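Spelled out, the chains give:
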Amino acid sequence: MVAETRPLSGATAYRRSLWSRLMSDRNFLGFWFMVPAAAILLLFLAWPLILGVWLSMTDTTIGRAGQFIGLENFAWLSDDSVFWLSVFNTFLYTVVASILKFLLGLWLALLLNQHLPFKALLRAIVLLPWIVPTVLSAIAFWWLYDSQFSILSWILVEAGIIDTYIDFLGDMDNARASVIAANTWRGIPFVAITLLAGLQTISPSLHEAATIDGANSWQRFRYVTLPLLTPIIAVVMTFSVLFTFTDFQLIYVLTRGGPLNATHLMATLSFQRAIPGGQLGEGAAIAVAMIPFLLSAILFSYFGLQRRRWQQGGKD
């Protein structure tokens, strides 16, 4: 005897049909796959940001909850000479280091894109400065810059170029140049390897066609390589500026902001005021003051470096 199956009710059939359509909808599935990632971002990025903005508007100190004081912390910072010095240091550090990393990274990427022996080994060696933890790199540079035992000063003295050892980290100008050099050394591999990946997506036939048309090496780079590489450059420089602007570990290990606050960045000054100084509200205000500059860098990359006519070799 065969059991008879009862037909589904209209509501049940509609729900099953609706569920079947939703499960085959890529937008619906994509939304739910993104929910866990969005929850993580909200928990670990959005919430600390909101908390930081709130703390910047309070007089909170370590051990005391504090009260809401509005924009008083920002008004006080506007008259703080050390804060403005840290702003100057941050911009100098970011601009000079980012330009050096881009130029040297692009040169290195073009070099590694050639047919070289042991190419894979060379690429692995180039990555080492980026792979090594920042603190270890900073300690290595700390020894290189030591006022008494610096191997750099020893080589220059033995070569007869200088007479006395250089005070790399004790002089204001030398300290600024030293931390920029350390950051540049560490950041070049990221720029070079990323641009190298972009170079390898450019079809060799384009360069061959340009060569047949009589273009020299500079013209091929200017009118073929650079326009096609511009989207990658925009992404790389955005990340490079963000990483450099918010750098903390390298500066803190090497100089802790000295001498005479000459290497204090906004990130290191924020930490110094908030944790060792105990002024959480003031430190949060310095950190929040970094946000407009970071947004400006992102908007410049999106609206400036990715203009279509510029990518295609035009002037605008």
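Here the structure is a predicted model, which is why all the values come from computation and not from measurement. (Residues numbered from 1 in each chain as written. Predicted model: local features only at pLDDT ≥ 70, side-chain atom pairs only at ≥ 80, totals over all residues. Heavy atoms only, no water.)

### Things to note about the layout of surface pockets
Okay, step 1: Volume-wise, the largest pocket comes out at about 630 Å³.
Okay, step 2: Along its surface, the largest pocket is lined by 23 residues, and Pro48, Leu49, Ala287, Val288 and Ile291 are the ones closest to its centre.
Okay, step 3: Looking at the lining of the largest pocket, the elements with two or more residues in it are α2 (26-56), α12 (266-274), α13 (280-289) and α14 (291-305).
Okay, step 4: Examining the composition of the lining of the largest pocket, we find that 7 residues originate from one element, α2, more than from any other.
Okay, step 5: Along the lines of polarity and charge, the residues of the lining of the largest pocket split into 19 nonpolar, 4 polar and no charged. (1 Å grid on protein atoms, 1.4 Å probe; cavity = no way out; pocket = protein on both sides within 12 Å on 5 of 7 lines; lining within 4 Å. Points joined across faces, edges and corners; volume = space filled by probe spheres on them. Helix = DSSP H or I, 4+ residues; strand = E, 2+ residues; numbered from the N terminus. Nonpolar A, V, L, I, M, F, W, Y, C, P; charged D, E, K, R; others polar.)

### Considerations on helix α8 (residues 172-199)
Okay, step 1: In this model, α8 (28 residues) spans 39 Å end to end at C-alpha, consistent with the 40 Å of a helix rising 1.5 Å per residue.
Okay, step 2: Gly187 marks the point of greatest bend in α8, at about 35 degrees, and the proline Pro189 comes within the next four residues.
Okay, step 3: Residue Asp171 occupies the N-cap position of α8, its side-chain oxygen lying 3.2 Å from the main-chain nitrogen of Asp173. (Expected span 1.5 Å × (residues − 1). Bend = angle between axes of the 7 residues up to and from the residue. Polar contact = N/O pair within 3.5 Å; in protein donor to acceptor, adjacent residues only side chain to side chain.)

### As for empty space enclosed by the protein
Okay, step 1: Per the counting criterion, the structure on display carries 1 cavity of 30 Å³ or more.
Okay, step 2: Quantified by volume, the largest cavity comes out at close to 60 Å³.
Okay, step 3: Elements that contribute at least two residues to the lining of the largest cavity include exactly α4 (81-112) and α8.
Okay, step 4: Split into classes, the residues belonging to the lining of the largest cavity amount to 6 nonpolar, 2 polar and 1 charged.

### Description of the confidence of the model for the protein
Okay, step 1: Per-chain confidence: the protein averages 86 in pLDDT, with 88% of residues scoring 70 or above.
Okay, step 2: Across residues 308-314 the pLDDT falls below 50, and counting only partners more than four positions away or on other chains, this stretch makes 15 contacts in the model. (pLDDT = per-residue confidence, 0-100. Contact = heavy atoms within 4.5 Å.)

### Comments concerning the packing of α4 against α8
Okay, step 1: Direction vectors running N to C along α4 and α8 enclose 40 degrees, while the axes themselves pass 6 Å from each other. When the axes of α4 and α8 are compared, the pair comes out oblique. α8 is crossed by α4, and the crossing has right-handed handedness.
Okay, step 2: Counted by class, the contact of α4 with α8 contains 22 nonpolar, 5 polar and 2 charged residues. (Axes fitted to C-alpha atoms, helices over the stretch in contact; angles between N-to-C directions. Parallel < 35°, antiparallel > 145°, perpendicular 65-115°, else oblique. Left-handed = near helix turned anticlockwise from the far one by under 90°.)

### Here's the deal with a nonpolar patch on the surface
Okay, step 1: A cluster of nonpolar side chains, contributed by Phe91, Val95, Val96, Ile99, Leu100, Leu103, Leu104 and Phe293, occupies part of the molecular surface with about 620 Å² of accessible area.
Okay, step 2: A per-element tally of the nonpolar patch places α4 first, with 7 residues.
Okay, step 3: Among the structural elements, Phe91 can be located in helix α4.
Okay, step 4: Given a relative accessible area of 34%, Phe91 falls into the partly exposed group. (Patch = residues over 30% accessible without salt bridge, like charges linked within 9 Å, V, L, I, M, F, W, Y side chains within 5 Å. Areas by Shrake-Rupley, 256 points an atom, 1.4 Å probe, with all protein chains shown as cover. Salt bridge = Lys/Arg side-chain N within 4 Å of Asp/Glu carboxyl O. Buried < 20%, exposed > 50% of the residue type's maximum accessible area, 1.4 Å probe, protein only.)

### A word on the side chain of Thr225
Okay, step 1: Secondary-structure assignment places Thr225 in helix α10 (residues 217-245).
Okay, step 2: At 3.4 Å, the side chain of Thr225 and the side chain of His207 are in polar contact.
Okay, step 3: Once residues lying within four places of it in the same chain are set aside, the contact partners of Thr225 are Leu199, Ile202, His207 and Arg220.

### Here's the deal with the nonpolar core
The nonpolar side chains of soluble globular proteins are, as a tendency, buried together.
Okay, step 1: Of all hydrophobic cores here, the largest spans 20 residues; its most connected members are Phe102, Leu106, Leu108, Leu195, Leu229 and Ile233.
Okay, step 2: Looking at this core, the elements with two or more residues in it are α4, α8 and α10.
Okay, step 3: Sort the elements by how many residues they give to this core and α8 lands first, with 7 residues.
Okay, step 4: Counting residues in hydrophobic clusters, the runner-up holds 14 residues, among them Ala97, Ala138, Leu250 and Leu265. (Core = buried A, V, L, I, M, F, W, Y, C linked by side-chain atoms within 4.5 Å.)

### Quick notes on the pattern of salt bridges
Okay, step 1: The full count for this structure, using the stated rule, is 4 salt bridges.
Okay, step 2: Residue Asp59 pairs with Arg64 through a salt bridge whose shortest N-O separation is 3.9 Å.
Okay, step 3: Take Asp59: its relative accessible area is 26%, and that puts it in the partly exposed class.
Okay, step 4: With a closest N to O distance of 3.7 Å, Asp173 and Arg176 form a salt bridge. Here Arg176 and Asp173 lie together in helix α8, a separation of 3 residues that amounts to about one turn.
Okay, step 5: Residue classification places Arg176 among the buried residues on the basis of a relative accessible area of 14%.
Okay, step 6: Salt bridges here are not isolated pairs; linked through shared partners, they connect Asp80, Arg273 and Glu282.

### Let's talk about the packing of aromatic side chains
Okay, step 1: For the structure shown, the criterion picks out 17 aromatic pairs.
Okay, step 2: Where Trp54 meets Phe68, the ring centres are 5.7 Å apart and the plane angle is 20 degrees; that geometry is what we call stacked. A residue pair is termed long-range when its members are at least 10 positions apart, and Trp54 in helix α2 and Phe68 in the loop between α2 and α3 (72-77) qualify at 14 residues.
Okay, step 3: Following the ring pairs from residue to residue traces out a cluster consisting of Trp130, Phe190, Phe239 and Phe243.
Okay, step 4: Here the guanidinium or amino end of Arg186 rests over the ring plane of Trp130, the centre of that ring lying 5.8 Å away.
Okay, step 5: Across from the ring centre of Tyr223, 5.1 Å away, lies the NZ or CZ of Arg222, which sits over that ring. (Phe/Tyr/Trp six-rings, centres within 6.5 Å; stacked < 30°, edge-to-face > 60°. Lys NZ or Arg CZ within 6 Å of the ring centre and 35° of its normal.)

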